[in-house]
2 protein chains.
Amino acid sequence: MDVGVYGLGRFGTFWAACLAAAGCHVKAYSRSEHPLPEGVERGSEDEVLSSPYLFFAVSISSFEGVLKKVGSRIGKNTVVMDTCSVKILPRRWMKENIPADRFMIATHPMFGPDSGRNGIKGLPIVMCPISSAEDERYRDVKDLFLQMELDVLEMSAEEHDEEAAYSQGVTHFVGRTLSAMGMKPTPIATQGYRSLMTIVEQTCNDPIQLFYDLQRFNPYAKEMRLSLQVAVEKVLNALRREEED
Amino acid sequence: MDVGVYGLGRFGTFWAACLAAAGCHVKAYSRSEHPLPEGVERGSEDEVLSSPYLFFAVSISSFEGVLKKVGSRIGKNTVVMDTCSVKILPRRWMKENIPADRFMIATHPMFGPDSGRNGIKGLPIVMCPISSAEDERYRDVKDLFLQMELDVLEMSAEEHDEEAAYSQGVTHFVGRTLSAMGMKPTPIATQGYRSLMTIVEQTCNDPIQLFYDLQRFNPYAKEMRLSLQVAVEKVLNALRREEED
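Definitions and limits used
- Residues numbered from 1 in each chain as written.
- Chains lettered and ligands numbered in written order.
- Predicted model: local features only at pLDDT ≥ 70, side-chain atom pairs only at ≥ 80, totals over all residues.
- Helix = DSSP H or I, 4+ residues; strand = E, 2+ residues; numbered from the N terminus.
- Buried ≥ 20, exposed ≤ 12 C-beta atoms within 10 Å, placed from the backbone.
- Contact = placed C-beta atoms within 7 Å.
- Pairing = 2+ DSSP bridges.
- Right-handed = clockwise from strand over helix to strand, strands pointing away.
- Least-squares fit on C-alpha atoms with pLDDT ≥ 70 in both.
- Axes fitted to C-alpha atoms, helices over the stretch in contact; angles between N-to-C directions.
- Parallel < 35°, antiparallel > 145°, perpendicular 65-115°, else oblique.
- Nonpolar A, V, L, I, M, F, W, Y, C, P; charged D, E, K, R; others polar.
- Left-handed = near helix turned anticlockwise from the far one by under 90°.
- Arc of directions from axis to C-beta.
- Core = buried A, V, L, I, M, F, W, Y, C linked by C-beta atoms within 7 Å.
- Domains from an automatic or database assignment.

Chemist: Mind showing me how you'd approach the overall build of chain A here?
Modeler: Within chain A, the secondary structure is distributed over nine helices and eight strands. Overall, chain A is about 70 × 35 × 30 Å in size when its C-alpha atoms are taken along their principal axes. Burial analysis of chain A (245 residues in total) assigns 47% to the buried set. When contacts within chain A are restricted to residue pairs at least 6 apart in sequence, those whose partners lie at least 24 apart make up 67%.

Now the structure itself:
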């Protein structure tokens, strides 16, 4: 399978390597001179944009701008996919900026270089159909993900964003908050604290832009943050009542 | 070694079983009819109070009251220890309510039935001397913990409480907050979210009283909670600035 990866940031580099490891012939394009992972070839922007299968791996906040610039240059027979951590807005941006006759799928590989360090087998990947899910091009991509032994989850962009706000979104929020608090290792760490430290390290290894984008571009994230603040107040109030007893 | 365990709640039952598994002859007393773990004998209150080595395993909030009631009945040659998750106040309560000629050590086994499910080897236990740490009775207890393959950490009660507020205390606070938020499993869970769920389950398996006591009776906990609230505000403000850009 000939696959193009557009963008070689932290995730794009990792994803290109995963696809190459799965036997795909991968050409990658990036604006700046990022090093190429093993088994991945560098391609020109137009070469990558006209790959039979194309994954965009750019930050959520830059995706709309990228599409406005290159959307019309995407190959006539190219299957276009994004890999953003939110799905409602990227789906809209793809529909608005890519000619309607291109075949489109919104995807979200729910892992990265940290959580996938020991292999990606069994890890979840979300597929939200944009063009018809009955089409054989959709099935080809699904088969590729299954061959990579990923846990393929098909759902609407709305379902994805709501579930992701309350899982991935809350995890990153907790990780960034504990990091802002200056959490550090201690010899008396309990098992629970050690796990918490790992979460902080992993979320803070990702670029800060991913954190902002997860919170800004997921329409359910604001409600999630409010519900987290309400929960903090609830716990503090229960403590106050206990102290008055 | 003949050991008494006073209190058979969730932790006392687990700790009595650990001591029996390490070859101690364990007699346990509890106010109500808790089932006995394997290898542990039931003893009368006075029998247990006059064991050569005695561990109190009662909730932090009940410890002072228990000592006021039974402190004077503790055997003349008994080495008295607590197992509370905070150390400054229990040390004071022991000194105030146990005759001064009894040998006393404050301890905190930093694990429980969840984190110690697959064995306690390598897990931390804190010892804060009350009577002299040069005494052979202190060394005997330390040797017992080392024989149990625990990671023995000796420090002052003040050092313990400060470190514990920012590790065990913050972990329980995060666990209770996310539980109050109604966190639940989702098929699209990332690895980080799965770890977070495990922390929530483990902290919420412990009695709610332990949570309240960790927060109320640790003099550093209030400062920790304030610093957590400040960190939440810091992250929210950074998000607001990012949205205005």
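Let us keep going from here.
Chemist: Please explain the pairing of strand β5 (residues 79-82) of chain B as it appears in this structure.
Modeler: When a strand is regular, its side chains alternate between the sheet's two faces. All names here are of chain B. Judged by which residues are buried, β5 turns out to be covered on both faces: V79 and M81 on one side and V80 and D82 on the other are all buried. Here strand β4 (residues 53-56) pairs with β5 via four bridges, running parallel. Among the inter-strand pairings, F56 is bridged to a residue of β5, identified as D82. The handedness of the β4 to β5 crossover, carried by helix α3 (residues 60-70), is right-handed. Looking at chain direction, β5 and strand β6 (residues 103-109) are connected through four bridges and run parallel. When the bridges of β6 are listed, V79 appears paired with F103. The handedness of the β5 to β6 crossover, carried by helix α4 (residues 88-97), is right-handed.

Chemist: Is there a simple way to think about the relation of the copies chain B and chain A in this case?
Modeler: One copy of the chain maps onto the other through a rotation about an axis followed by a shift along the same axis. Rotating chain B by 180° and translating it 0.0 Å along the rotation axis places it on chain A, where the RMSD comes to 0.0 Å. Expressed as an axis order, the relation between the two copies is that of a two-fold axis. A shared interface surface links the copies, since 100% of the contact residues of chain B are contact residues in chain A too.

Chemist: I keep staring at the packing of helix α6 (residues 157-180) of chain A against helix α7 (residues 191-205) of chain B and nothing clicks. Help me out?
Modeler: Where α6 of chain A contacts α7 of chain B, the two axes come as close as 9 Å, and the packing angle between them is 75°. Relative to α7 of chain B, α6 of chain A is oriented roughly perpendicular. Only G192, Y193 and L196 of chain B of α7 of chain B make contact with α6 of chain A, whose side of the interface consists of S167, Q168, T171 and V174 of chain A. Tallied by class, residues from the contact of α6 of chain A with α7 of chain B come to three nonpolar, four polar and no charged.

Chemist: Looking at this structure, how should I read unusual backbone geometry?
Modeler: Most peptide bonds adopt trans geometry, and most residues besides glycine take a negative phi value. In this structure, E149 of chain A takes a positive phi of about 65° despite not being glycine. With respect to the element layout, E149 of chain A can be found in the loop between α5 (136-147) and β8 (151-154).

Chemist: Sorry, what's going on with the interface of chain B and chain A here?
Modeler: It is common to give the size of an interface as the accessible area lost on bringing the parts into contact. Facing the 44 residues of chain B at the interface are 44 residues of chain A. Broken down by secondary-structure element, the contributors of at least two residues to the side of chain B that touches chain A are β7 (124-129), α6 (157-180), α7, α8 (208-216) and α9 (221-244) of chain B. Broken down by element, the side of chain B that touches chain A gets its largest block of residues, eleven residues, from α6 of chain B. Each residue belonging to the side of chain B that touches chain A can be placed in one class, and the counts come to 22 nonpolar, 16 polar and six charged.

Chemist: Explain the sheet that holds strand β7 (residues 124-129) of chain A to me, please; I cannot follow it from the model alone.
Modeler: Each strand in a sheet pairs with its neighbour through backbone hydrogen bonds, running either in the same direction (parallel) or in the opposite one (antiparallel). All names here are of chain A. Pairing in this open sheet of eight strands is mixed, and the strands run β3-β2-β1-β4-β5-β6-β7-β8 from one edge to the other. Each edge of the open sheet is held by one strand with a lone partner, namely β3 (40-42) and β8. Neighbour to neighbour, the strand axes of the sheet diverge by 25° on average, direction disregarded. Relative to strand β4 (residues 53-56), strand β1 (residues 2-6) is paired through four bridges, and the arrangement is parallel. Following the sheet pairing, Y6 is matched in β4 by F56.

Chemist: Before we go on, may I ask you to explain the sheet that holds β6 of chain B in this structure?
Modeler: All names here are of chain B. As summarised here, the arrangement of the eight strands in space is β3-β2-β1-β4-β5-β6-β7-β8, forming an open sheet in which the pairing is mixed. The open sheet has two edge strands, β3 (40-42) and β8 (151-154), and neither has a second partner. With direction set aside, neighbouring strand axes in the sheet form an average angle of 25°.

Chemist: Just to check I follow, could you spell out the packing of α6 of chain A against α9 of chain B for this structure?
Modeler: The relative placement of two packed helices comes down to the angle between their axes together with the axis-to-axis distance. It is at 8 Å that the axes of α6 of chain A and α9 of chain B come closest, and there the two elements cross at 115°. Here the hand of the crossing between α6 of chain A and α9 of chain B comes out right-handed. For the pair formed by α6 of chain A and α9 of chain B, the contact residues are F173, R176, T177 and A180 of chain A on the first element and A231, V232, K234 and V235 of chain B on the second. Classifying every residue of the contact of α6 of chain A with α9 of chain B by side-chain character gives five nonpolar, one polar and two charged.

Chemist: Is there a simple way to explain α3 of chain B in this structure?
Modeler: Think of an α-helix as 3.6 residues a turn; residues three or four steps apart then line up on the same face. Residue and element names in this part refer to chain B. All buried positions along α3 are accounted for by I60, F63 and L67. All buried residues of α3 fall inside an arc of 25° around its axis, so they share one side. Those residues of α3 that are exposed and angled more than 90 degrees off the buried face are G65, K68 and K69. Those residues of α3 that are buried are in contact with β4, β5, α4 and α8.

Chemist: Could you clarify how one ought to interpret the nonpolar core in this entry?
Modeler: By size, the foremost hydrophobic cluster in this structure holds 149 residues, and its most contacted members are A16 and L54 of chain A together with A16 and L54 of chain B. In this view, L54 of chain A contacts G4, Y6, V48, L49, I74, T78, V79, V80 and M81 of chain A; residues no more than four positions away in its chain are not counted.

Chemist: Could you clarify how one ought to interpret the pairing of β1 of chain A in this entry?
Modeler: Residues and elements named next belong to chain A. Within β1, four of the five residues are buried, leaving the element largely enclosed by the surrounding structure. With five bridges joining them, β1 and strand β2 (residues 25-29) adopt parallel strand pairing. Bridge pairing links V3 to V26 in β2. Handedness of the crossover joining β1 and β2 through helix α1 (residues 10-21) is recorded here as right-handed.

Chemist: Which parts of the structure should I look at to understand the domain arrangement of chain A?
Modeler: Residues and elements named next belong to chain A. Per the domain assignment, the segments of chain A are domain 1 (2-155) and domain 2 (159-244). Between the C-alpha centres of domain 1 and domain 2 there is a distance of 28 Å. Counting residues at the interface gives 17 residues for domain 1 and 16 residues for domain 2. Elements with a contribution of two residues or more to the side of domain 1 that touches domain 2: α3 (60-70), α4 (88-97) and β7. When the residues that make up the side of domain 1 that touches domain 2 are grouped by side-chain class, the tally is eight nonpolar, six polar and three charged.

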